[in-house]
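Chain by chain, the residues:
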Amino acid sequence: MFVVTGATGRTGRVVVDELLRAGRAVRAIGRSRQGLAPLEAGGAESFVADPTDHAALTDAFTGAEGVYVMVQPNYISDSPDFPAHQRAIVDAMTAALSSAGVGRVVTLSSWGADKSGGTGPVAGLHHLEQQTNALHAVVTHLRAGYFMENLLSQVETIRRAGVITAPFDPDVTMPFVATADIGRAAAHSLLTPAPTSEVLELQGERDLSMAEVTEVIGKIADLPQLRYVRQSIEEFAAAQRRAGVSQNVTGLMIEVVHAINSRHTATLQPRSPRTTTPTSIEAFVAETVVPQLRAALATGEGQRGE
């Protein structure tokens, strides 16, 4: 039996589906029975637990052949101390893995997790790696690149202003990776465990700059005038604060930007068949971004016509 934490999230759902498809028993952990219901309907055992509840997690992990461990990758926008929130989850999960005697662990980590600081919330995943490395277990850390799904936050900006805007240098390249590919890699790692602990980077189909991504979206969405506008750090920070993002989280987001632009956050492993995942930016844009963009543009047209 395998256990999947964060089972209702983007990567966790895929891990559950892949393990079930392989004919394996799966215990899916989430915060609510309602959220877990679709996975239970698909054949998984649902287990409701808060990610900081050591006792509940120990019960959930007991008897597991392997566990997929993830710490919420998205910010809690109003958190006064997001790193403390991350540490509380990491410490509860790793203590539970130890108590339950789990011998096989796959973590969702991130590029940049080799650094102890200066990387925003990725420092929390450095802590995750360090804590799980101390377990009596074979551990695979999947250091995933920049999520393609982050581009979905640009849909409203494209609809409203006809641009893509972010504080990243237009020419700095990033390893854009689809979360579904991360989930599939995690399931594969659980099903075909490495003999010893290892780090595996997931670098996407190819590295891309924001300027290149903008060109792809403009071509596939038939928006030839679409352009990338780089925000200053000050503009970016002000926009986050206007949106209600806490000072703590805004500071972390700024750290991420500086780390990527300066290449403090960078991939370390050579690109290879193992580090390269299959979903191209073109496929992701066509299948995921463009449908949402067209719906947003249609809504905007309707509002203007009223």
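From a predicted model like this one, the values you see are computed outputs, not experimental measurements. Sequence order as written defines the numbering, with residues in each chain counted from 1. Where totals are concerned, whole chains, interfaces and linings use all residues; where local detail is concerned, this predicted model gives features only for residues with pLDDT of at least 70, and gives and counts side-chain atom pairs only at 80 or more. The basis for every side-chain value is the complete set of heavy atoms in the structure, and neither hydrogens nor water enter the calculation.

Caption draft 1: Structural detail: the pairing of strand S5 (residues 104-110). Exposure is judged per residue with a 1.4 Å probe applied to protein chains only, and the accessible area is read against the type maximum: over 50% gives exposed, under 20% gives buried, and values in between give partly exposed. Counting from the N terminus, the helices are DSSP H or I runs at least four residues long and the strands are E runs at least two residues long. The element S5 is largely enclosed, with a buried count of seven among its seven residues. Think of it this way: DSSP has to see at least two bridges between two strands before they count as a pair. As defined by bridge partners, strand S4 (residues 66-69) adjoins S5 across three bridges and the pair is classed as parallel. In the sheet register, Tyr68 faces S5, and the bridge partner there is Val106. Pairing of S5 with strand S6 (residues 138-144), which is carried by seven bridges, proceeds in the parallel orientation. Looking at S6, one finds that Thr107 is bridged to His141. The handedness rule is simple: strands pointing away from the viewer, and a clockwise path from the first strand over the helix to the second, make the crossover right-handed. This β-α-β element, S5 to helix H5 (residues 122-133) to S6, shows right-handed connectivity.

Caption draft 2: Region of the structure containing the side chain of Asn261. Tracing the chain through its elements places Asn261 in helix H10 (residues 247-261). On the accessibility criterion, Asn261 (17% relative accessible area) is buried. N or O atoms within 3.5 Å of each other form a polar contact, as long as, within protein, one can give a hydrogen and the other can take it, and as long as residues adjacent in sequence are counted only when both atoms are side-chain atoms. Here Pro167 takes part through its backbone oxygen, which lies 3.2 Å from a polar atom of the side chain of Asn261. Non-local contacts of Asn261, meaning those with residues more than four positions away in its chain, are made with Pro167, Phe168, Asp169, Val172 and Arg230. Residues count as neighbours in contact if any of their non-hydrogen atoms are within 4.5 Å of one another.

Caption draft 3: Looking closely at H10. Residue count minus one, scaled by 1.5 Å, sets the expected span of a helix. Along its 15 residues, H10 runs 21 Å from first to last C-alpha, staying within 8% of the 21 Å computed at 1.5 Å per residue. Within H10, burial applies to Val249, Thr250, Leu252, Met253, Ile254, Val256, Val257, Ala259, Ile260 and Asn261. On its buried side, H10 packs onto helix H4 (82-100), strand S7 (146-147), strand S9 (173-177), strand S12 (227-230) and helix H9 (233-242). Looking one or two residues past H10, Arg263 carries a phi angle of roughly 65 degrees, positive in sign.

Caption draft 4: Structural detail: the layout of surface pockets. Here the largest pocket defines a volume of roughly 1400 Å³. If you go around the largest pocket, you meet 45 residues; those closest to its centre are Tyr75, Tyr146, Asn150, Ser153 and Met253. Only helix H1 (10-21), H4, S5, H5, S7, strand S8 (163-166), H9 and H10 provide two or more residues apiece to the lining of the largest pocket. With four residues, H10 is the largest single contributor of residues to the lining of the largest pocket. Only protein atoms enter the 1 Å grid, on which a cavity is a set of points fitting a 1.4 Å probe that cannot get out and a pocket is an open set with protein on both sides within 12 Å along at least 5 of 7 lines, lining residues being those with an atom within 4 Å of a point. Grid points are joined across faces, edges and corners, and a volume is the space filled by probe spheres set on the points. When its volume is computed, the second largest pocket comes out at roughly 310 Å³. Surrounding the second largest pocket, 19 residues form its lining, Gly6, Thr8, Arg31, Pro51 and Met70 being those nearest its centre. Sorting the residues of the lining of the second largest pocket by element identifies strand S2 (26-30), helix H2 (33-41) and H4 as the ones contributing at least two each.

Caption draft 5: Examining the environment of Ala95 more closely. With respect to the helices and strands, Ala95 occurs in helix H4. Given the relative accessible area of 31%, Ala95 is considered partly exposed. C-alpha of Ala95 to C-alpha of Ala64: the two residues are 31 residues apart in sequence and 15 Å apart in space.

Caption draft 6: Molecular detail of the sheet that holds strand S11 (residues 207-209). Strands sit in the order S7-S9-S11 across an open sheet of three strands; the sheet is mixed. Two strands lie at the open edges of the sheet, namely S7 and S11, each paired on one side alone. Relative to S9, S7 runs parallel, the two being bridged by two bridges. Within S9, the residue paired with Phe147 across the bridge is Val177. Contacts from helix H8 (residues 210-220) reach S9 and S11, with the element oriented near 85 degrees to S11. Here the axes come from fitting lines to C-alpha atoms, over the contacting stretch only for helices, and the angles between their N-to-C directions go from 0 to 180 degrees.

Caption draft 7: Representation of the nonpolar core within the structure. What is meant by a nonpolar core is a set of buried Ala, Val, Leu, Ile, Met, Phe, Trp, Tyr and Cys residues, joined one to another through side-chain atoms within 4.5 Å. Phe168, Met174, Phe176, Met210, Ile260 and Ile281 are the most contacted members of the largest nonpolar core, which has 41 residues in total. Those elements that provide at least two residues to this core are helix H6 (155-161), S8, S9, H8, H9, H10 and helix H11 (281-305). With residues near it in sequence (within four places) discarded, Phe176 still touches Tyr146, Met148, Leu151, Gln203, Gly204, Glu205, Arg206, Leu208, Met210 and Val213. Counting residues in each nonpolar core, the second largest holds 28 residues, with Val67, Val71, Ala100 and Val105 among its members.

Caption draft 8: Molecular detail of unusual backbone geometry. A positive phi angle, near 60 degrees, is found at Asp222, a position not held by glycine. Mapped onto the elements, Asp222 comes out in the loop between H8 and S12. A positive phi angle, near 65 degrees, is found at Arg263, a position not held by glycine. Positionally, Arg263 belongs in the loop between H10 and H11. Classification of Arg263 as partly exposed rests on a relative accessible area of 46%.

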